[in-house]
Amino acid sequence: MKLYEYVIRRLIFMVFVLLAISIIVFYLTRGTLPPASALAPYVTPKMTDAEKLGVAQSLGVAELGCPSYSAYVARASGCIVPLYQQYFSWLKLALTGNWGYSQIPGIAVGTTTWQLFSDRFPYTAELATVAVILTVVLAIPMGIVSATHNNKLPDHASRITALAGYSMPLFWLGFILQLIFVLYITVPHGSEQVGLLQSSGTLYTQCALCFSNPGGITAYTGFPLIDSIASGNAAYFWDSLLAIALPAFTLSFGTLGALTRVVRSSMMECLRQDYIVLARSKGLRERTVVYRYALRNAILPALTITGYIAAALLGGAVIVEDVFSWPGIGAAALDASLYLDVNFLELYTLVAAVIIVVANLVVDVLYAYLDPRVRY
Amino acid sequence: MSNRNNQERSKEIPETAGEDREKRRKEQPKGELAEIRFALYLARRNPLVIAGAAISVISVLLAVFSGFIVSPDIWKISNLAMRLCWNNPLINWHISSVATCSGTGVYPLGTDAYGRNLLQMIILALPLDLEVSFEIVSSALLIGVVLGSAAAYIGGLVDEAIMRITDIFFAFPGIVLAIVILTVFGRTLPNLTIAVLVVWWPIYVRLVRSQVLSEKEKPYVEALKSTGASPIRILYRHILPNSIYPVLVQFTLDIGGVILVFSGLMFLGFSPDPKLPELGNLVSDGIQYVFTAPWLVIFPGLTILLISLGFNLLGDGIRDLLDPRLRR
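Residues numbered from 1 in each chain as written. Chains lettered and ligands numbered in written order. Predicted model: local features only at pLDDT ≥ 70, side-chain atom pairs only at ≥ 80, totals over all residues.

So, on to the overall build of chain A. Tallying secondary structure elements over chain A gives 15 helices and two strands in all. For chain A, the spread of C-alpha atoms along the principal axes amounts to about 90 × 70 × 40 Å. Buried residues in chain A amount to 41% of all 376 residues. Long-range pairs, those at least 24 residues apart, make up 63% of the contacts in chain A between residues at least 6 apart in sequence. (Helix = DSSP H or I, 4+ residues; strand = E, 2+ residues; numbered from the N terminus. Buried ≥ 20, exposed ≤ 12 C-beta atoms within 10 Å, placed from the backbone. Contact = placed C-beta atoms within 7 Å.)

This is the structure we're talking about:
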């Protein structure tokens, strides 16, 4: 099979996965939740009951013969359209980009679900990107040291760190870090003692290391770090960097273990190969052998796992975003579930699924491109 | 690891005359006993496994006997007079607003917002967390064994169908599916268990399938087929027992992993009762007091970390013991 055939087959399968996921979420939410929550994204509170019924009928969730809105809400017989028909009318709307209005409180009235999602997504993407960079920067050296100092102190230290990452309740780590930096590391700042860092979303209101009033930036992309560089505002960039440091470190600590373990075992596998023996017997320096010969071959499996990590983090880190009040899609999905914003949940799971499936595909293709031994 | 190990093993058994080696081989116990002794020998050389095993066993024992250590219903009783106080002299929090517990009672880990003894709450939380975790992982294992072995052994359309369904679940952002299930069906303990199980089972299907796939091509399966053994018998009496070890390693590792996810959901506010002694729920309760009574967050979270670390160390160690590269 040729590469492009394989990619096309996987993409077609992705469409089925997305359909299946949307059906599962649709049946779970619309099948059980009160009928009003299915309608809520498309109506405004000011509408009269007759207008709401009209919207429900035009959306295809209420039968045309339904006498009144209260009958629809009470699930009176002959009022609710069968779920599978509802699904098709919902799908038609969703594919045209109409996801209705957001139901999450605290957001400007009239914000559409799509608008909310695209406003929040850059924050999650930025957090995930920084976390993945941190994971790679920490885990690859740890894995290498672990493999070259097998069963010695550096190996044990890096294995314990990796296992601690696997076993760490991230919500707890997030609070402990805040506790340390806010409560126990304080510095005089003006007339009072303030914490080194203080957590409150994307910028700190009061902290020793940051500019308390960094000025504004133009939202070119929605990514604070990129926008602040584009606007030439160094103070804002520094503040954003400080704000992202703790949540990104917390996230990366949870994913560190997986990458370290893969780098370690593939490094050990490579160091056992004949060409390493040959390289050593040629009298090459150990550093050259490890970094130029072994690492180049050992890095491939690490690529795979990094792809999965990136996809999982981009799909939203609900718990870490919640702990640090980070305004990303994961935290918004949690709010959406609390306030029964069914369309946001649908949109979120579908986008996350697209990211996961596409990332897996990209990793597979990249792997085949980099390692000619791999065949489909 | 293997190089050093080989060297040490060869030191123990010097390769002198063939006769000598024969004699030594006869002295050594045979079969399973030798296997176990060799595994124990390797375990002794790895202090981390021992530590993991110790933590796991202690936490399970504490969970089993928690009802005898602490009265099981004590969590329902509030004592607001003793709210958020601390009288353990070993730790000074350096927070001026911390109240000292009045009276003579000893509260090694302080009291919570309901005036309950935090140490008692943690001990009461252990059986709940561990039981739910065992339930979820065992159910996932069972589903994995049935579906995974069916997919691998029958193959064809059955394999395709089962694997595509697991692919769908792998594409779901895990914790959000659990959140949707809890939102829709309500926050009860059985629903929490099911929500985590729905997220967890696909791993086992993939794992069991890949194990059975590699095992069923081996010569002994051919031999069994030629003797006329039934496929069910071959699968359940021969292939599965031979391919179950990596699955058991995953089982041990996942006990810790499931506790993290389960307590994470509790932390996010999906607890059926705000007073319920569950480790994630205890952390969640303590958050609003994190800057005045940090012990409420620190100790329950530390317990989660320790239990999870214990099972992960144990599973990791077992994996090393079973690793053929190490046993060569």
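On to the overall build of chain B. When helices and strands are tallied, chain B shows 14 helices and zero strands. Out of the 328 residues in chain B, the part that is buried amounts to 41%. Sequence-distant contacts, at least 24 apart, represent 71% of the contacts inside chain B between residues at least 6 apart.

Turning our attention to the interface of chain B and chain A. With 36 residues of chain B in contact, the opposing surface of chain A contributes 38 residues. If you list the elements that add at least two residues to the side of chain B that touches chain A, you get helix 6 (156-171), helix 7 (174-185), helix 11 (245-270) and helix 13 (295-322) of chain B. No other element matches the 10 residues that helix 13 of chain B contributes to the side of chain B that touches chain A.

Quick look at the environment of B:Phe299 now. Residues and elements named next belong to chain B. Relative to the elements of secondary structure, Phe299 occurs in helix 13. A tally of 20 C-beta atoms within 10 Å means that Phe299 is categorised as buried. The spatial distance from the C-alpha of Phe299 to the C-alpha of Leu118 is 8.5 Å, given a sequence separation of 181 residues. Excluding residues that lie within four positions of it along the chain, Phe299 makes contacts with Leu109, Leu118 and Ile122.

With that settled, the discussion passes to helix 1 (residues 3-32) of chain A. A rise of 1.5 Å per residue sets the reference length of helix 1 of chain A, with its 30 residues, at 44 Å; its end C-alpha atoms lie 43 Å apart and thus fit the reference within 8%. Along helix 1 of chain A, the residues classified as buried are A:Val17, A:Ile21, A:Val25, A:Phe26, A:Thr29 and A:Arg30. Here the buried face of helix 1 of chain A lies against helix 2 (35-39), helix 5 (83-95) and helix 15 (342-370) of chain A together with helix 6 and helix 7 of chain B. (Expected span 1.5 Å × (residues − 1).)

Below, the discussion takes up the confidence of the model for chain B. Detailed reading of the predicted model is not advised wherever pLDDT is low. Residues and elements named next belong to chain B. On average, residues of chain B score 82 in pLDDT, and 88% of them are at 70 or above. When pLDDT is averaged over each element of chain B, helix 5 (residues 118-154) comes out on top at 92 and helix 1 (residues 2-12) at the bottom at 45. Note that residues 1-17 has pLDDT below 50 and, in this model, 10 contacts with residues that lie over four places away or in other chains. Across the assembled chains, the prediction reports ipTM 0.86 with pTM 0.86. (pLDDT = per-residue confidence, 0-100.)

On to the packing of helix 7 of chain B against helix 8 (residues 189-215) of chain B. All names here are of chain B. The N-to-C vectors of helix 7 and helix 8 enclose an angle of 150°; their axes lie 9 Å apart at closest approach. Taken as axis vectors, helix 7 and helix 8 run roughly antiparallel relative to one another. Crossing handedness for the pair helix 7 and helix 8: right-handed. Counted together, Gly174, Leu177, Ala178, Ile181, Leu182 and Phe185 of helix 7 and Asn191, Leu192, Ile194, Ala195, Val196, Val198 and Val199 of helix 8 form the full contact between these two elements. Its residues assigned to classes, the contact of helix 7 with helix 8 shows 11 nonpolar, two polar and no charged. (Axes fitted to C-alpha atoms, helices over the stretch in contact; angles between N-to-C directions. Parallel < 35°, antiparallel > 145°, perpendicular 65-115°, else oblique. Left-handed = near helix turned anticlockwise from the far one by under 90°. Nonpolar A, V, L, I, M, F, W, Y, C, P; charged D, E, K, R; others polar.)

Take the nonpolar core next. Ranked by size, the top nonpolar core spans 180 residues in total, and within it A:Leu127, A:Leu313, A:Ala333, B:Ala178 and B:Val196 carry the most contacts. At 17 residues, helix 5 of chain B tops the list of elements feeding residues into this core. Apart from the residues lying within four places of it in its own chain, the contact partners of B:Ala178 are B:Ala195, B:Val196, B:Val198, B:Val199 and B:Leu265. (Core = buried A, V, L, I, M, F, W, Y, C linked by C-beta atoms within 7 Å.)

Trans is the prevailing form of peptide bonds, just as negative phi is the prevailing case for residues other than glycine. All names here are of chain A. A positive phi is found at Ser325, a non-glycine position, where the angle reads about 50°. Along the chain, the position of Ser325 falls in the loop between helix 13 (318-323) and helix 14 (329-338). The phi angle at Leu340 is positive, at roughly 55°, despite the residue not being glycine. For Leu340, the position within the fold is in the loop between helix 14 and helix 15. Judged by the 18 C-beta atoms lying within 10 Å of it, Leu340 is partly exposed.

Two packed helices can be described by the angle between their axes and the distance between those axes. All names here are of chain A. Taken N-terminus to C-terminus, the directions of helix 6 (residues 113-148) and helix 14 make an angle of 135°; their axes are 8 Å apart at the nearest point. In terms of orientation, helix 6 and helix 14 fall into the oblique class. Where helix 6 approaches helix 14, its residues Leu116, Phe117, Arg120, Phe121 and Thr124 are matched on the opposing element by Ile329, Gly330 and Ala332. Class assignment of the residues belonging to the contact of helix 6 with helix 14 gives a composition of five nonpolar, two polar and one charged.

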